[in-house]
Amino acid sequence: MIFSPRTWRDTRIAGRPWQCWRDWLLRVAILIVVISPLRAAPPRPVATPPQTVQTTQPLLCMHTRLIDEVDEWKIQRSLQLVRELGAATIVEFFPWAYLEPEEGHFDWRQADRIVAHAEAQGIRVIARLGLVPAWARPSPQDTLFGPAGEEGRGTTLNYLQTERFPDFARFVAAFVSRYAGRIDQVIIWNEPNLTFEWGYRMVSPADYVELLRQSYLAAKAASPDVRVLAAPLAPTLEVEGSPWGLDDLVFLEQMYAAGAAPYFDALAVHTYGFTEPPEAEPGEDRLNFRRVELIRAIMVAHGDADKPIAITETGWNDHPRWTKAVSPAERIDYTLAGYEYAENQWPYVDVLCQWVLRYPAPTLSYPDNFTFLTSDFRPRPIYTYLQAYARRGELTRP
Amino acid sequence: MRLRLPSRRARLGIGLGLLAVAAGVMLAYLLRAPERPMLPYGALRVGIDPSYPPFGLDFDGELSGLDIDLATALAGRLDVPLRLVPLGYDGLYDALKADQVDVLLSALRVDPGRMGDVHYTTGYFDAGQVLVRPPESGLDEMSAMDGRVIGVEFGSEGDQTARAWQRRLRVLDIRPFETASAALEAVHSGQADAALVDAIAARLWLRDHPGLAIAPEYVTHDPYAAAVRPDNPRLWEAIDAAIQAMHADGTLETILSRWL
């Protein structure tokens, strides 16, 4: 009877109130210890009937960042909001390093969750594959930089040696095979024209084409119907020999020269508007939304006119301090007008994916101003206007 | 249940244990690594991104702005020479981490995710969303906006915040405008009862347009603070104390008013 009032009365009557206080303090302390582990259960995903995406804009697509979400309900909520936006497609990153943490041992759990929730919302997934596990990277002694003695610390997660290309291709095959009939498009690597994305080595179109070739053949052997997309190149004007990367147009030309054509079914493209409106003229010496037309011209010149383009990253940023940003109003106007432009002018483009739905945590810097939802799922105004556009199919401004 | 005090022997053991802990702490203090000087390079090296007016501007290599004035005042209070280090916005935190600067003073938003890597001082400016309205209107907070018209910059943080309030109030008529200035102008001309804009836009506009005022209650908060490496707690204390003192004696408001 820890909480019996008699104890209080008895001790008080006995003339020893300090003892009573001490007893009660001890009881409160015990109570705190007992109840402190009892916290409200975290939200859980709720099973819902299969949904379909209602939209008037089939190009509408969102790049998501779900693979790092710890809470499953956040994956579900994100995809619900993608559906409610009117986007029928997402691009999601499926890192090799996460899915095959040990050679030959796969952990598909997180990928399975994402795919299942996307299916439940009626959303198609384009999978971007990359990121090298430690076991597939050279030991630090074999590399020029990095502290010795720690496995894999001498290289970055984008460092893949030529002799490890078959390992990556096997992973691609395993991924394609596991999700056959559920994920029908895979992107091989990301922005290989940046040294950062090529393990801080000088970029090499020929080496990337070899990686693409091996991955393509492995993917097709695993699932002949899968569509293999060549990596999107980063829009950049870097000249040959730059420590940062290589101009995307030059890189693509060199990919064709290295024999890339037979080894991709479609090309993924990143095109950002930066400070210019969507209809601004493209040029080899400038970066803007219509740079995709220059990329398309290279494809046509090399006999790839029939291959589609998937724009897997695009968008405008409205951060007040970033030099490549526009105002919030311009961001909305340009984004919506971008869909109109793509629909009317680019019949070869089958998706136009915005970077990015939301981040798991805010960066409190300019990347936040690419998002459509805050990290706590509050829709930014651009989400609301894009949603209204996808529902009505016409550009409107209040 | 009746509690008893520990026995004399147990109390003696506890006492000896505490004594041993105190001795250990004292020994660790005596054997600690020599303390790093507060300013090892003999000057207060302040990292600033001079591309964000009115906080930092660069006119042909000459830096000016609110943060530069604040840095000058801080160096004066600490009685040390000032060295301004212009940096790109993206490189601010890296420069601090790499010991290229002692402190960042560059309209930095307090980022809880970085608190393991940097120590933020007391905020010196709140750039949060504010209501701007005629001073006698009684519209001192968002809850008073029920049934009213609010002007916002289309697509901005103010637009987003107003939408959130629209769900809480019975009626809130949101009028989006192309810019924050246009939203404020709408209040001036009577098209809207109040505007919801960030404190920077509000203060800049009000400099040239008397007649309206910022409501005392901020709708959201977005404090700007200086950032110091965690391995230099003395510098953090000195700068934090100086900012608080400048706040108390009105120096800070004088600097803010010069630019905003």
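Residues numbered from 1 in each chain as written. Chains lettered and ligands numbered in written order. Predicted model: local features only at pLDDT ≥ 70, side-chain atom pairs only at ≥ 80, totals over all residues. Heavy atoms only, no water.

**Describing the overall build of chain B**
Next, step 1: Within chain B, the regular secondary structure consists of 8 helices and 13 strands.
Next, step 2: Considered along the principal axes of its C-alpha atoms, chain B spans approximately 80 × 70 × 35 Å.
Next, step 3: Within the span of chain B, comprising 260 residues, buried residues form 46% of the whole.
Next, step 4: Considering only contacts in chain B between residues 6 or more positions apart, those separated by 24 or more positions represent 74%.
Next, step 5: When the accessible area of chain B is evaluated, it comes to approximately 13,300 Å², of which 56% is carbon and sulfur surface. (Helix = DSSP H or I, 4+ residues; strand = E, 2+ residues; numbered from the N terminus. Buried < 20%, exposed > 50% of the residue type's maximum accessible area, 1.4 Å probe, protein only. Contact = heavy atoms within 4.5 Å. Areas by Shrake-Rupley, 256 points an atom, 1.4 Å probe, with all protein chains shown as cover.)

**Details of the packing of aromatic side chains**
Next, step 1: Counted by the stated rule, this structure contains 32 aromatic pairs over all chains.
Next, step 2: Relative to W316 of chain A, the ring of F289 of chain A lies with its centre 5.3 Å away and its plane at 35 degrees, an arrangement referred to as tilted. In this pair, F289 of chain A sits in the loop between strand 6 (266-272) and helix 9 (291-301) while W316 of chain A sits in the loop between strand 7 (309-315) and helix 10 (328-345), placing the two residues 27 residues apart along the sequence. The pair F289 of chain A / W316 of chain A is uniform in exposure class, with both members buried.
Next, step 3: For the pair Y341 of chain A and W346 of chain A, a centre-to-centre distance of 5.5 Å together with 80 degrees between the ring planes defines the contact as edge-to-face. Exposure class is identical for Y341 of chain A and W346 of chain A. Each is buried.
Next, step 4: A connected cluster of aromatic rings, assembled from ring pairs, spans F94, W96, F106, W108, W135, F168, F171, F175, Y179, W189, W198 and Y208 of chain A.
Next, step 5: The aromatic ring of F93 of chain A is capped on one face by R128 of chain A, whose charged end is 4.1 Å from the ring centroid.
Next, step 6: A cation sits over an aromatic face here: R168 of chain B above W165 of chain B, 4.3 Å from the ring centre. (Phe/Tyr/Trp six-rings, centres within 6.5 Å; stacked < 30°, edge-to-face > 60°. Lys NZ or Arg CZ within 6 Å of the ring centre and 35° of its normal.)

**Some remarks on the sheet that holds strand 2 (residues 89-95) of chain A**
All names here are of chain A.
Next, step 1: Spatially, 1-2-3-4-5-6-7-8 is the arrangement adopted by the 8 strands of the closed barrel, whose pairing is parallel. Across the sheet, the axes of successive neighbouring strands diverge by a mean angle of 30 degrees, strand direction being ignored.
Next, step 2: Two elements, strand 6 and strand 7, share 6 bridges in a ladder whose sense is parallel. Within strand 7, the residue paired with H270 across the bridge is E313. (Pairing = 2+ DSSP bridges. Axes fitted to C-alpha atoms, helices over the stretch in contact; angles between N-to-C directions.)

**Points about the interface of chain B and chain A**
Put simply, an interface is often sized by how much accessible area is lost when its parts join up.
Next, step 1: Contact with chain B, which involves 27 residues of that partner, is made by 29 residues of chain A.
Next, step 2: Across the chain B to chain A interface the summed buried area is about 2,500 Å²; carbon plus sulfur atoms make up 52%.
Next, step 3: For the pair chain B and chain A, the interface holds 1 salt bridge.
Next, step 4: D49 of chain B is the partner of R321 of chain A in a salt bridge, and the nearest nitrogen-oxygen pair spans 3.0 Å.
Next, step 5: Where chain B touches chain A, the interface holds 6 residue pairs in polar contact (both at pLDDT 80 or more).
Next, step 6: Of all the secondary structure elements, the ones that give two or more residues to the side of chain B that touches chain A are strand 5 (103-109) and helix 4 (157-168) of chain B.
Next, step 7: Looking at side-chain class alone, the side of chain B that touches chain A contains 12 nonpolar, 4 polar and 11 charged residues. (Buried area = accessible area lost by both parts, 1.4 Å probe. Salt bridge = Lys/Arg side-chain N within 4 Å of Asp/Glu carboxyl O. Polar contact = N/O pair within 3.5 Å; in protein donor to acceptor, adjacent residues only side chain to side chain. Nonpolar A, V, L, I, M, F, W, Y, C, P; charged D, E, K, R; others polar.)

**Concerning the domain arrangement of chain B**
Residue and element names in this part refer to chain B.
Next, step 1: Per the domain assignment, the segments making up chain B are domain 1 (44-126 + 223-259) and domain 2 (129-214).
Next, step 2: Distance from the C-alpha centre of domain 1 to the C-alpha centre of domain 2: 30 Å.
Next, step 3: At the junction of the two partners, domain 1 supplies 11 residues and domain 2 supplies 5 residues.
Next, step 4: Note on domain 1 versus domain 2: buried area summed over both sides is about 550 Å², and carbon and sulfur give 55% of it.
Next, step 5: For the domain 1 face of the interface with domain 2, the top three residues by lost area are P54, F125 and W259, together amounting to 49%.
Next, step 6: One can count 1 salt bridge joining domain 1 with domain 2.
Next, step 7: With a closest N to O distance of 2.9 Å, R203 and E253 form a salt bridge.
Next, step 8: At the boundary of domain 1 with domain 2, the tally comes to 2 residue pairs in polar contact (both at pLDDT 80 or more).
Next, step 9: Taken together, the elements giving at least two residues each to the side of domain 1 that touches domain 2 come down to strand 7 (125-126) and helix 8 (251-259). (Domains from an automatic or database assignment.)

**Observations regarding the state of the cysteines**
As used here, a disulfide is simply a covalent bond connecting the sulfur atoms of two cysteines.
All names here are of chain A.
Next, step 1: Taken as a whole and judged by the stated rule, the model has 1 disulfide over all chains.
Next, step 2: Two residues share a disulfide in this structure: C61 and C353, whose sulfurs sit 2.1 Å from each other. Negative torsions about the S-S bond denote left-handed disulfides, and the value of about 85 degrees found for C61 with C353 makes this one right-handed. You can see C61 sitting in strand 1 (residues 60-63) and its partner C353 sitting in strand 8 (residues 349-355), a full 292 residues away along the chain. Residue C61 shares its accessibility class with C353, and that shared class is buried. (Disulfide = S-S within 2.5 Å.)

**Focus: the domain arrangement of chain A**
Next, step 1: Assigned domains of chain A: these are domain 1 (5-35) and domain 2 (60-392).
Next, step 2: Inter-centroid distance (C-alpha atoms) of domain 1 of chain A to domain 2 of chain A is 64 Å.

**Topic: the confidence of the model for chain B**
Next, step 1: Mean pLDDT for chain B: 93, with 97% of residues reaching 70 or above.
Next, step 2: The ipTM, which scores confidence in the relative placement of chains, is 0.73 for this predicted complex, and the corresponding pTM is 0.82. (pLDDT = per-residue confidence, 0-100.)

**Things to note about the nonpolar core**
Next, step 1: F94, F168, F175, Y208 and M255 of chain A are the most contacted members of the largest nonpolar core, which totals 94 residues.
Next, step 2: Element by element, the count of residues in this core is highest for helix 10 of chain A, at 7 residues. (Core = buried A, V, L, I, M, F, W, Y, C linked by side-chain atoms within 4.5 Å.)

**A word on the confidence of the model for chain A**
Residues and elements named next belong to chain A.
Next, step 1: The pLDDT averaged across chain A works out to 91; a share of 90% of its residues lies at or above 70.
Next, step 2: Every residue in residues 1-9 is under pLDDT 50, and counting partners more than four places away or in other chains gives 7 contacts.
Next, step 3: Scored below 50 in pLDDT, residues 146-152 makes 12 contacts in the model with residues more than four places away or belonging to other chains.

**Thoughts on the sheet that holds strand 11 (residues 194-198) of chain B**
Residue and element names in this part refer to chain B.
Next, step 1: Taken in spatial order, the 5 strands line up as 10-9-11-8-12 in an open sheet, and their pairing is mixed. Because the sheet does not close on itself, it has two edges, and the strands there are strand 10 (172-177) and strand 12 (213-214).
Next, step 2: Strand direction decides the pairing type here: strand 8 (residues 129-133) and strand 12, joined by 2 bridges, are antiparallel. Bridge pairing in strand 12 links R133 to A213.

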